[in-house]
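Close look at the chain arrangement
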Amino acid sequence: MKLKALLLASLALSPLAQAKMDIMAHHAYARATPPTAVTSAVFGEFMNRGDKERYIVSATTDAAGKVELHDVIKEGEVMKMRQVDRITIPAKGKVELKPGSLHIMLFDLKAPLAEDQEIDVQLTFANGEKHTFTAPVKKVMSGMKHKH
Ligand SMILES: [Cu+2]
């Protein structure tokens, strides 16, 4: 009991540990792929409990050779993906990554993503901090065609 209290106290005193706890990933998942696909995407809800805006500037995963941050924009009647420099998580707020909107794009998959697998994804923030979360692989209803 005492040990736990001490541990909590030291966590609270460490600014890095404190800052890391500000970011939380919820309902994260990666899109299951057909056996021949080499691209996929990661979605989820990212919460920021801190009182400063935070910026995701890059992401990595062992599952993919290349990872980019993407958004989807409408050009006339056509939905197009484009790379973005950063994804902002508002202070005391959240950002939702979902099909047809912001997502973490995976290229050069080392193996197809099959349902019930899990992949670890590491985010890097503008301030240099990193945050790793686990994304189970799920089938995604194709609400839109995902084209490059
Ligand atoms: Cu994309």
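Heads up: the structure comes first, above all this text.
Notes on the structure follow. (Residues numbered from 1 in each chain as written. Predicted model: local features only at pLDDT ≥ 70, side-chain atom pairs only at ≥ 80, totals over all residues. Heavy atoms only, no water.)

Our focus in this paragraph is the pattern of salt bridges. Scanning all chains against the criterion turns up five salt bridges. For glutamate 68, the salt bridge identified is with lysine 66, shortest N-O distance 3.4 Å. One salt bridge in this structure joins glutamate 75 and lysine 80, with 3.2 Å as the shortest N-O distance. (Salt bridge = Lys/Arg side-chain N within 4 Å of Asp/Glu carboxyl O.)

Moving on: the coordination of the copper ion. For the copper ion, every protein donor is listed as His70 (ND1), Met81 (SD), His103 (NE2) and Met105 (SD), and the spread of their distances is 2.1 to 2.2 Å. Considering all four donor atoms around the copper ion, angles at the metal cover 88 to 123° and the coordination shape is tetrahedral. Sequence positions of the donors to the copper ion reduce to the motif H-x10-M-x21-H-x1-M. Here histidine 70 is found in strand 4 (residues 64-75), whereas its partner methionine 105 is found in strand 8 (residues 103-109), with 35 residues between them in sequence. Its relative accessible area of 0% is what places methionine 105 among the buried residues. (Donors = N, O, S within 2.8 Å, 3.2 Å for Na, K, Ca; no water. Tetrahedral: all angles 85-135°; square planar, octahedral: opposite > 155°, others 65-115°. Helix = DSSP H or I, 4+ residues; strand = E, 2+ residues; numbered from the N terminus. Buried < 20%, exposed > 50% of the residue type's maximum accessible area, 1.4 Å probe, protein only.)

The next point concerns the pairing of strand 3 (residues 54-60). One ladder, built from three bridges, connects strand 3 with strand 6 (residues 87-89); its direction is antiparallel. Paired with isoleucine 56 across the bridge in strand 6 is isoleucine 87. Note that strand 3 and strand 9 (residues 118-125) share four bridges and pair antiparallel. The residue of strand 9 that forms the bridge with alanine 59 is leucine 123. (Pairing = 2+ DSSP bridges.)

Right, let's talk about unusual backbone geometry for a bit. Its identity as a non-glycine residue notwithstanding, histidine 27 has a phi of 55°, on the positive side. Relative to the helices and strands, histidine 27 resides in strand 1 (residues 23-31). The exposed category is assigned to histidine 27, whose relative accessible area is 64%. Here the phi dihedral of aspartate 108 falls at roughly 55°; this positive angle occurs in a residue that is not glycine. A residue is classified by how much of its surface remains accessible, and aspartate 108, at 47% relative accessible area, is partly exposed.

This brings us to the packing of aromatic side chains. Scanning all chains against the criterion turns up two aromatic pairs. Seen from their ring centres, tyrosine 29 and phenylalanine 43 are 5.3 Å apart, and the 40° between their planes marks the pair as tilted. Of this pair, tyrosine 29 sits in strand 1 while phenylalanine 43 sits in strand 2 (residues 40-48), placing them 14 residues apart in sequence. Exposure remark for phenylalanine 43: the relative accessible area of 0% places this residue in the buried category. Pairing phenylalanine 46 with phenylalanine 133 gives two aromatic rings, centres 5.1 Å apart and planes at 70°, and the pair type is edge-to-face. Of this pair, phenylalanine 46 sits in strand 2 while phenylalanine 133 sits in strand 10 (residues 130-138), and the two are 87 residues apart along the sequence. As far as burial versus exposure is concerned, phenylalanine 46 and phenylalanine 133 are alike and both buried. Stacked on the ring of phenylalanine 107, the Lys or Arg lysine 66 has its end atom at 5.0 Å from the ring centre. (Phe/Tyr/Trp six-rings, centres within 6.5 Å; stacked < 30°, edge-to-face > 60°. Lys NZ or Arg CZ within 6 Å of the ring centre and 35° of its normal.)

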